[in-house]
Amino acid sequence: MRDLRSVYLEAIELPFVWERLVLADDLLSGITRDAELGRSTDAGQELANYLDPELNIGELLSINYQDAQVLVHDYARQKVRGLPHGSFLVASRINLDASTEVPAEDEETALVLLRIVGDYQLPNARQMEDYRFQAGMRATDSEETWDHPNRVDEWTKNNLSYGGYKCRVLGTFRMKEADDGTYKFSFGADLVNYYSGRGMKVYKPIGRLLSDIVNFQKTVGESEFGDAGRLRVGRVRFAASEIGVDESLDNVPVEVDPTDFVSRRTFYGGMSRGGKSNAMKITAKAVYLLRAKLASARVGQLIFDPNGEYANANIQDGGSIRSVHEAISGVEYADEIATYGLNEHPNDPQRKIVKINFYGARPTNWADSTAVGQALEQLIVGKQIIATSLGEAGEKYILAFRDADIVVPDDLSGRGDQIRLRREVQVYRGILKAAGFEAPSQTVDIRGLFSRDLRTAMQNNRCDGDNQTNIAAAVTILGNDSVSWEDFADALRGLLLFMEERDSGWTDFDRGYRDSHEGRPWDRGTIHNLLQIFKYPNGVRSFMGLTKQHSARSTTDYAQEVVRDLRLGKLVIFDQSTGDPDQNVAAAERILWAIFNRQKADFVEPSVDDDGEIVPPPPVMVYLEEAHNLLPAAGGKDDLRTIWARTAKEGSKYRIGMVLATQEPSSVMPAILKNTDNWFVAHLNNTDEVRALSKFYDFEDYAHQIKSISDPGFVRMRTLSNPFTIPVQIDLFKARSE
């Protein structure tokens, strides 16, 4: 057998017989070379079966690792019904002559995938422009067009019909033999080699080939859900002005792997009415339907719904996504879906009202620290909500109230500690009632909270005028076991005067109290700071708007309820269509903190199953409509204390997936977009927004189309398992499967 190197050395002296020499050498050493390369002619034949001579649109003029230029004739363009910007092409040296065996050489058993990104000026472009110009001049005074035979000869007309396309090289498709003997597509997002002196035929992929291209799925690691299957999201669409849709050739379905979205970041960008919400609903449905194929694939999903279109039935969706459970027979609504909202809805009787009891519950045993903490949980949460709402306040008296913490001690066995905590709680509740929060009872129990010594000191106050009278009036009220909330508020104002006015006697009382209680003060600072809110009439008015979030009949914290529903794998919809914007943001932050902290706790201290294997946190997904209203602004301080930034950056390791939808990609913190795995990009009308997206993956190839085409649902899609971006017309979401 001749050595291939010697054949090559001979061949360079005989360039005109090079191909014959190589072919002869292939015949001699083909078996050896096939074994070395791990290929067979069968792989090439499998690729050849994809190609149709009728879909040959031209020749590859030149190529490098990034770009290629293609020569095309007008006849070929017409034959294949157009070649729009962004469409795919494949280049190959495979000989489609049925009598010729497909060789096993690497270049000749591969399809180079190209994307049309613009025009290429042919070398004779200037000459052809002159011909066209002259023909146009001759036709100026005639009813004939410049391409009429009377204006241009056939030879020139044929030359004028050639044009060039500039293409992006996306990678190489090959065939690999599977264990079962069949051949499957293999893709590499580059070229291993290219030849400057070899031509390649270029084809327009349609039908089976186009389907296998756009639905090719790269391996991104083993999924916990195994092969969960793929779900259709739309069809391939290259142009807004497409020439009809041939059901067998052009109407090629595009599918996604729902597991691409689990524990990952997903971005939906586009103008209003551009199809962002529609695409998000399809994604949420796809993830939900994983459980239909694998019972353990229950992914909890939380959708913050600013406009109510997810939680409430509408004509467009044929219902709403809260009816998605109907796509799986035999499942119950309560086991699958949970909706939350600030107000009840006549068509959603099972909706959970997202209000908490700012007063908390009444502890049954003040000596049990754990029981007291559980009873006062909502009170403490409500205090945190108020503190957040007062975050921008500048007045010192409001800030003092904001920063006053009600803390449940670990040890409440001492009666003095119990009375101290009860007193702080009741003072805070009296302030709530003064601010307009509905009380759970008509009266307030203050039995034993304000001692005889305190009341005597207040009665003997040495203040002047109204202050003396108001303090003395408070004594009468505080001496009762139970009083009205209004009287209690008046008494608290009198108590504040006693603690702050000069010569009131407070200093002497406090000194005496410390002496008789081993140095412990009557007030550790909490009551005095709380009472500061009564200093001016506007004090309690500063948080009266939060009364909408309060219900004296609520028994649980809705944030913890949401966490429980998510961990059960439910689809949770949080209807924020009727809430105040600031309240909606605050509520969303509370919920996200609860999710983040619970997932983090499971990650840091994981449980172990019966086999001793570590159990990871259950997967959770969070959907943010109008994300620019919630996420940290681009260019601002990257503050990890913001729950949005922390979840976007750290959420994946805690198995929290985040789905963002916005009209303003440039407003999103770049660090978040840099770590985004799945992209759906619709129409954006602003150059700055398009430029922001052009920095990622291959969206630059579609920049002009993104800005100029506003058809709803026409998106550029790239998911975790897609090796390149695909133009898709997203299907219209339907709540119920057909």
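Preceding block: the structure.
Worth saying up front: this structure is predicted, and the values here are computed from it rather than measured.

(A) Molecular detail of the overall build of the chain. A count of helices and strands for the chain gives 26 helices and 23 strands. Within the chain, the fraction of its 738 residues that count as buried is 51%. Taking contacts inside the chain between residues at least 6 apart in sequence as the whole, the part at least 24 apart equals 72%. Surface summary for the chain: the accessible area is close to 35400 Å², and the carbon and sulfur share equals 47%.

(B) Spatial organisation of unusual backbone geometry. The backbone of E518 shows a phi angle near 55°, a positive value even though the residue is not glycine. By the secondary structure assignment, E518 is in the loop between α18 (506-516) and α19 (526-531). For E626, which is not glycine, the phi torsion reads 50° and is therefore positive. On the secondary structure map, E626 appears in the loop between β19 (620-624) and α23 (643-650). Residue classification places E626 among the buried positions, given a relative accessible area of 17%.

(C) Focus on the pairing of strand β9 (residues 253-256). Side-chain alternation along β9 places V254 and V256 on a buried face and P253 and E255 on a face that remains uncovered. Strand direction decides the pairing type here: strand β8 (residues 231-236) and β9, joined by four bridges, are antiparallel. Bridge pairing in β9 places L231 opposite V256.

(D) Fine view of the sheet that holds β8. Read across the sheet, 12 strands follow the order β9-β8-β23-β22-β21-β10-β20-β19-β11-β16-β12-β13 without closing on themselves; strand pairing throughout is mixed. Two strands in the sheet have a free side with no partner beyond their single neighbour: β9 and β13 (352-353). One ladder, built from five bridges, connects strand β10 (residues 265-269) with strand β20 (residues 656-662); its direction is parallel. Counterpart to R265 in the pairing with β20 is M658.

(E) Molecular detail of the pattern of salt bridges. A complete count under the given rule lists 38 salt bridges for this structure. Here R447 and D481 are joined by a salt bridge, their closest N and O atoms 3.8 Å apart. Highlighted residues: R447 in the loop between β14 (443-445) and α15 (452-459) and D481 in the loop between α16 (465-478) and β15 (482-484), separated in sequence by 34 residues. Judged by relative accessible area, R447 falls into the partly exposed class, the value being 47%. When salt bridges that share partners are traced, they join D67, R115, R168, D698, D701 and R718 into one network.

(F) Representation of the packing of α16 against helix α17 (residues 485-500). Where α16 meets α17, the closest approach of the two axes is 8 Å, and the angle between their N-to-C directions is 130°. When the axis of α16 is compared with that of α17, the two are oblique. Crossing geometry of α16 relative to α17 is assigned as left-handed. Here N467, N470, I471, A474, I477 and L478 of α16 come into contact with α17, specifically with D487, F488, D490, A491, G494, L497 and F498. A class-by-class count of the residues in the contact of α16 with α17 yields eight nonpolar, three polar and two charged.

(G) Broad picture of helix α8 (residues 276-288). If you check α8, its first and last C-alpha atoms are 18 Å apart, about what 13 residues at 1.5 Å a residue would give, namely 18 Å. When you tally the buried positions in α8, you get 13 out of 13 residues, the bulk of the element.

(H) Summary view of the environment of F358. Along the chain, F358 falls in the loop between β13 and α11 (369-375). It is 9.1 Å that separates the C-alpha atoms of F358 and L376, two residues lying 18 residues apart in sequence. Beyond its immediate stretch of four places on either side in the chain, F358 contacts Q378, L379, G382, I385, I386, Y428, L432, F437, L546, Q549 and H550.

(I) The arrangement of the packing of aromatic side chains in detail. For the coordinates displayed, the defined rule picks out 33 aromatic pairs. With a centroid separation of 4.7 Å and 50° between ring planes, the pair formed by F173 and F187 is classed as tilted. One end of the pair, F173, is in strand β5 (residues 162-177); the other, F187, is in strand β6 (residues 183-188), and 14 residues separate them in sequence. F187 carries the same exposure label as F173, and that label is buried. Members of the aromatic cluster, joined through ring pairs, are Y50, F88, F173, F185, F187, F216, F238 and F724. The ring of Y50 has R208 sitting right over it, with the charged end atom 3.9 Å from the ring centre. Sitting above the plane of the F714 ring, R237 keeps its charged end 4.9 Å from the centroid.

(J) Representation of the environment of F534 in the model. Structurally, F534 is set in the loop between α19 and α20 (538-541). A relative accessible area of 9% means that F534 is categorised as buried. F534 sits 38 residues away from L496 along the chain, and the two C-alpha atoms are 7.9 Å apart.

(K) Focus on the nonpolar core. The biggest cluster of nonpolar side chains holds 113 residues, and the ones touching the most others in it are F450, F543, I595 and L624. It is α17 that provides the largest number of residues to this core, a total of 10 residues. Once you skip the residues sitting within four places of it in the chain, I595 turns out to touch L302, V563, L566, V620, V622 and I656. L47, F88, A311 and I337 belong to the second largest nonpolar core, which has 65 residues in total.

(L) Expanded view of the pairing of strand β4 (residues 111-119). Extensive coverage of β4 is indicated by the burial of seven of its nine residues. Here strand β3 (residues 88-92) pairs with β4 via four bridges, running antiparallel. Residue F88 lies in a different strand from β4, and its bridge partner there is R115. Bridge count between β4 and β5: eight bridges; the pairing is antiparallel. Among the inter-strand pairings, G118 is bridged to a residue of β5, identified as K166.

Calculation rules
- Counting starts from 1 at the beginning of each chain's written sequence and moves along it residue by residue.
- Local features are withheld for residues below a pLDDT of 70 in this predicted model, meaning they are given only at 70 or higher, and side-chain atom pairs are given and counted only at 80 or more; totals for whole chains, interfaces and linings count all residues.
- The side-chain figures draw on all heavy atoms in the structure; neither hydrogens nor water molecules are used.
- Per the convention used, a helix needs a DSSP run of H or I reaching at least four residues, while a strand needs a run of E reaching at least two, with both numbered from the N terminus.
- Buried, partly exposed and exposed residues are distinguished by accessible area as a fraction of the type maximum, computed with a 1.4 Å probe on protein chains only: under 20%, between the cut-offs, and over 50%, respectively.
- Residue contacts are counted whenever heavy atoms from the two residues lie within 4.5 Å of one another.
- Here the open area of atoms and residues is found with the Shrake-Rupley method and a 1.4 Å probe, where only the protein chains shown may cover a residue.
- Strand pairing follows a simple DSSP-based rule, namely that at least 2 bridges must link the two strands.
- Within this document, salt bridges are pairs made up of a side-chain nitrogen of Lys or Arg and a carboxyl oxygen of Asp or Glu, the two lying within 4 Å of each other.
- Think of each axis as a best-fit line through the C-alpha atoms, taken over the contacting stretch in the case of a helix, with angles from 0 to 180 degrees between the N-to-C directions.
- These descriptions rest on fixed angle ranges, namely under 35 degrees for roughly parallel, over 145 for roughly antiparallel, 65 to 115 for roughly perpendicular, and the rest for oblique.
- Crossings are assigned a handedness: left-handed for a near helix turned anticlockwise from the far helix by less than a right angle, right-handed for a clockwise turn.
- Asp, Glu, Lys and Arg are counted as charged, while Ala, Val, Leu, Ile, Met, Phe, Trp, Tyr, Cys and Pro are counted as nonpolar; the rest, among them Gly, fall into the polar class.
- One less than the number of residues in a helix, times 1.5 Å, gives the span that helix is expected to have.
- Classification of ring pairs uses Phe, Tyr and Trp, with its six-membered ring standing for Trp, and accepts pairs whose centres are within 6.5 Å; under 30 degrees between planes counts as stacked, over 60 as edge-to-face, and the remaining range as tilted.
- Our definition puts a charge over a ring when NZ of Lys or CZ of Arg is within 6 Å of the ring centre and also within 35 degrees of the ring normal.
- Here, nonpolar core refers to any group of buried Ala, Val, Leu, Ile, Met, Phe, Trp, Tyr and Cys residues whose side-chain atoms link them within 4.5 Å.

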